[in-house]
Amino acid sequence: ERQVEGERFAQLDVQLSECSTPHGATPARIKSREQPWSNLVLLGTERYRPQPFLVIPNSQRFRQYLKSTLESKMFDMVCACMIIGNSITISYATNSSVQDALGQITNTELVEVLEVVFAVFYISELILRLYVYRCFFFLGSNWNWNWLDLVLGILAAYDTVWYIHSQASGEAAATSN
């Protein structure tokens, strides 16, 4: 059985060396052992395409799945919980700011981390909605709320980037002293 398979591949090697390809290219490799010619890559005939870092499927089925998820009651409940949690975090941060102004020491590290988590959630939701609805995000029935979400998402992204940058520059200044 192995000898038959070896003979088959030996015949294939002969066929590969004898085949004529456009622009004088020679076959580079065979990906499939069962159907060697189906996935043949030819040098000089296929352009190199770098793979993107994040591959998002552009299928209608995937977008439909995301749309049903975004419009589900469960996702609405998760968003409502995130809004309530963000409101509690904002009220605690405001209280901590007042206490800091009065000279009382408060711990705001957890609040800062939670603000970044909420911002990432809101920005991710915004990106998903933009991907699913595309131009109807700006023109659909909820266009006014969507524009408000977009502005708030941009402000949250700016605030998060500014916070991370200030933390990084503060740590760099502390380590240099």
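What counts, and at which threshold
Residues numbered from 1 in each chain as written. Predicted model: local features only at pLDDT ≥ 70, side-chain atom pairs only at ≥ 80, totals over all residues. Heavy atoms only, no water. Helix = DSSP H or I, 4+ residues; strand = E, 2+ residues; numbered from the N terminus. Buried < 20%, exposed > 50% of the residue type's maximum accessible area, 1.4 Å probe, protein only. Contact = heavy atoms within 4.5 Å. Expected span 1.5 Å × (residues − 1). Core = buried A, V, L, I, M, F, W, Y, C linked by side-chain atoms within 4.5 Å. Axes fitted to C-alpha atoms, helices over the stretch in contact; angles between N-to-C directions. Left-handed = near helix turned anticlockwise from the far one by under 90°. Nonpolar A, V, L, I, M, F, W, Y, C, P; charged D, E, K, R; others polar. 1 Å grid on protein atoms, 1.4 Å probe; cavity = no way out; pocket = protein on both sides within 12 Å on 5 of 7 lines; lining within 4 Å. Points joined across faces, edges and corners; volume = space filled by probe spheres on them.

(A) Inspection of the overall build of the protein at higher detail. Looking only at helices and strands, the protein has 6 helices and 2 strands in total. Secondary structure of the protein in N-to-C order comes out as α-β-β-α-α-α-α-α. Classification of the 177 residues of the protein by burial places 20% in the buried group. If you take every contact in the protein between residues at least 6 apart in sequence, the share linking residues at least 24 apart comes to 51%.

(B) Fine view of helix H4 (residues 109-133). With 25 residues, H4 should cover 36 Å at 1.5 Å per step; its first-to-last C-alpha distance of 36 Å lies within 8% of that length. Looking only at H4, the buried set comprises Val-111, Phe-118, Ala-119, Phe-121, Glu-125, Leu-126, Arg-129, Tyr-131, Val-132 and Tyr-133. A positive phi of about 50° marks Arg-134, the residue just after H4.

(C) Broad picture of helix H3 (residues 73-101). For H3, spanning 29 residues, the distance from its first C-alpha to its last is 42 Å, which sits close to the expected 42 Å at 1.5 Å a residue. Among the residues of H3, Phe-75, Cys-79, Met-82, Asn-86, Thr-89, Ala-93 and Ser-96 are the ones counted as buried. Buried residues along H3 sit in contact with helix H2 (60-70) and H4. Gly-103 occupies a position one or two residues after H3 and carries a positive phi of about 95°.

(D) Structural context of the nonpolar core. Grouped together as the largest cluster of nonpolar side chains are 13 residues, with contacts concentrated most on Val-132 and Phe-137. Sorting the residues of this core by element identifies H2, H3 and H4 as the ones contributing at least two each. The element that contributes the greatest number of residues to this core is H4, accounting for 6 residues. Ignoring any residue separated from it by four or fewer positions in sequence, one finds Val-132 in contact with Arg-63, Leu-66, Lys-67 and Leu-70.

(E) Expanded view of the packing of H3 against H4. Running from amino to carboxyl end, H3 crosses H4 at an angle of 145°, the nearest separation of the two axes being 10 Å. H4 is crossed by H3, and the crossing has left-handed handedness. From H3, Phe-75, Val-78, Cys-79, Met-82, Ile-83, Gly-85, Asn-86, Thr-89, Tyr-92 and Ala-93 reach across to H4, where they touch Val-111, Leu-114, Glu-115, Phe-118, Phe-121, Tyr-122, Glu-125 and Arg-129. Within the contact of H3 with H4, the residues separate by chemical class into 12 nonpolar, 3 polar and 3 charged.

(F) Inspection of the layout of surface pockets at higher detail. Each pocket or cavity is described by its volume, and for the largest pocket that value is around 670 Å³. For the largest pocket, the lining is made up of 25 residues, of which Glu-125, Arg-129, Trp-145, Asn-146 and Asp-149 are closest to its centre. Where the lining of the largest pocket is concerned, the elements lending two or more residues are H3, H4, helix H5 (136-139) and helix H6 (143-176). When residues in the lining of the largest pocket are grouped by element, the largest group, 8 residues, is from H6. Approximately 290 Å³ is the volume found for the second largest pocket. Along the walls of the second largest pocket sit 14 residues, with Glu-115, Val-116, Ala-119, Asp-159 and Thr-160 positioned nearest its centre. Sorting the residues of the lining of the second largest pocket by element identifies H3, H4 and H6 as the ones contributing at least two each.

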